[in-house]
Amino acid sequence: MEHYEIRHQVLTAIKEAVELGLIHGTSGNIAVRDPETGMIAITPSGISYSTMTEEDIAIVSPEGKWLDGKFKPSSETPMHTAVLQARPEINATVHTHGMFCTIMAMTDEPMRPITPPQAEFTPVQVVPFTMPGTNDLAGAVVETLGSKGRSVLLKNHGMFTCGKNIKAAMAAAVYTEEMAQTTYYAKLLGCYQPMSREGEAAMQALIAKDQAV
Ligand SMILES: [Zn+2]
């Protein structure tokens, strides 16, 4: 099978996302790019993740053209390929409809870190509502992420994260949902206190140094 490695990475990640409760049913999608060939493996549209195999994962060109796989690629392919094209250092992207991210997106406020590991992904900006599956949404996600962003909330929809590899993109998704959940409960309890700006900046400097090694 061609492009087995990136297909396997997408399959493993989508099953992990289901287990973690980040993805329910057939919602959400994941893409991984092969840095050597530029080809992208992406979850297919509307197929149950529990019985999915590597063969079912679609392969698309850097521009999003469907090249291989039994089922057609996710309808959100433009969002994934646009971010991968705009950010050469990024090789994996994750989109989910996580409940707490969806709630926090309605506040229109960028999310701040509550715990140190979350600072790797902040600030998490909100993308205004745009119709799913469109180039307009893809463009809005690219613009809101900017040159360094790892995670954004999609208003009335969910969230989108990215990373240099699938492990990094999944970590962004896990911590963004955790940030949304802790922020939600803290605000409900009236005790919301995100990390200080100084603490956030110090943590980001530490993470950047660690990743440069
Ligand atoms: Zn979606």
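In this report, the structure presented in the accompanying data block is examined.

## A word on the nonpolar core
And then number 1: In terms of nonpolar packing, the biggest core is built from 52 residues, with Val 10, Ala 31, Ala 41, Val 141, Val 152 and Leu 153 touching the most fellow members.
And then number 2: If one sorts the elements of this core by residue count, helix H5 (residues 166-189) sits on top with eight residues.
And then number 3: If we skip the residues at most four places from it in the chain, Val 10 touches Ile 30, Ala 31, Val 32, Ala 41, Ile 42, Thr 43 and Ile 57.

## Some details on the pairing of strand E1 (residues 29-33)
And then number 1: Most of E1 sits inside the fold, with five of its five residues counted as buried.
And then number 2: Covered by surrounding structure in E1 are Asn 29, Ala 31 and Arg 33 together with Ile 30 and Val 32, the residues of both alternating faces.
And then number 3: Examined bridge by bridge, E1 and strand E5 (residues 92-96) share four bridges and lie antiparallel to one another. The residue bridging Ile 30 from the neighbouring strand is Val 94, located in E5.

## As for the pairing of strand E7 (residues 151-154)
And then number 1: Alternating positions in E7 separate into two faces, Ser 151 and Leu 153 on one and Val 152 and Leu 154 on the other, with burial throughout.
And then number 2: Across three bridges, the pairing between strand E6 (residues 125-127) and E7 is parallel. From the neighbouring strand, Gln 125 faces E7, where its bridge partner is Val 152.
And then number 3: Handedness of the β-α-β unit built from E6, helix H4 (residues 135-145) and E7 comes out right-handed.
And then number 4: Sheet analysis places E7 next to strand E8 (residues 158-163), joined by four bridges and oriented antiparallel. Within E8, the residue paired with Leu 154 across the bridge is Gly 158.

## Brief notes about the sheet that holds E7
And then number 1: Taking strand neighbours across the sheet as the criterion, the eight strands line up as E4-E3-E2-E1-E5-E8-E7-E6 in an open arrangement whose pairing is mixed. Looking at the sheet topology across the chains shown, the edges are occupied by strand E4 (66-68) and E6. Between one strand and the next, the sheet's axes are offset by a mean angle of 25°, whatever the strand orientation.
And then number 2: One ladder, built from three bridges, connects strand E2 (residues 40-42) with strand E3 (residues 58-60); its direction is antiparallel. Looking across to E3, one finds that Ala 41 is bridged to Ile 59.
And then number 3: Along the sheet, helix H1 (residues 4-19) contacts E1, E2 and E5; its crossing angle with E1, the most-contacted strand, is approximately 150°.
And then number 4: Taken strand by strand, H5 contacts E1, E5, E7 and E8, and its axis lies near 145° from that of E8.

## A few points about the environment of Val 152
And then number 1: Checked against the element boundaries, Val 152 lands in strand E7.
And then number 2: For the pair formed by Val 152 and Trp 66, sequence separation is 86 residues and the distance between their alpha carbons is 26 Å.
And then number 3: Sequence-distant contacts of Val 152, defined by excluding residues within four places in its chain, comprise Val 124, Gln 125, Val 127, Val 141, Thr 144, Leu 145, Met 159 and Phe 160.

About the thresholds
Residues numbered from 1 in each chain as written. Predicted model: local features only at pLDDT ≥ 70, side-chain atom pairs only at ≥ 80, totals over all residues. Core = buried A, V, L, I, M, F, W, Y, C linked by C-beta atoms within 7 Å. Buried ≥ 20, exposed ≤ 12 C-beta atoms within 10 Å, placed from the backbone. Helix = DSSP H or I, 4+ residues; strand = E, 2+ residues; numbered from the N terminus. Contact = placed C-beta atoms within 7 Å. Pairing = 2+ DSSP bridges. Right-handed = clockwise from strand over helix to strand, strands pointing away. Axes fitted to C-alpha atoms, helices over the stretch in contact; angles between N-to-C directions.

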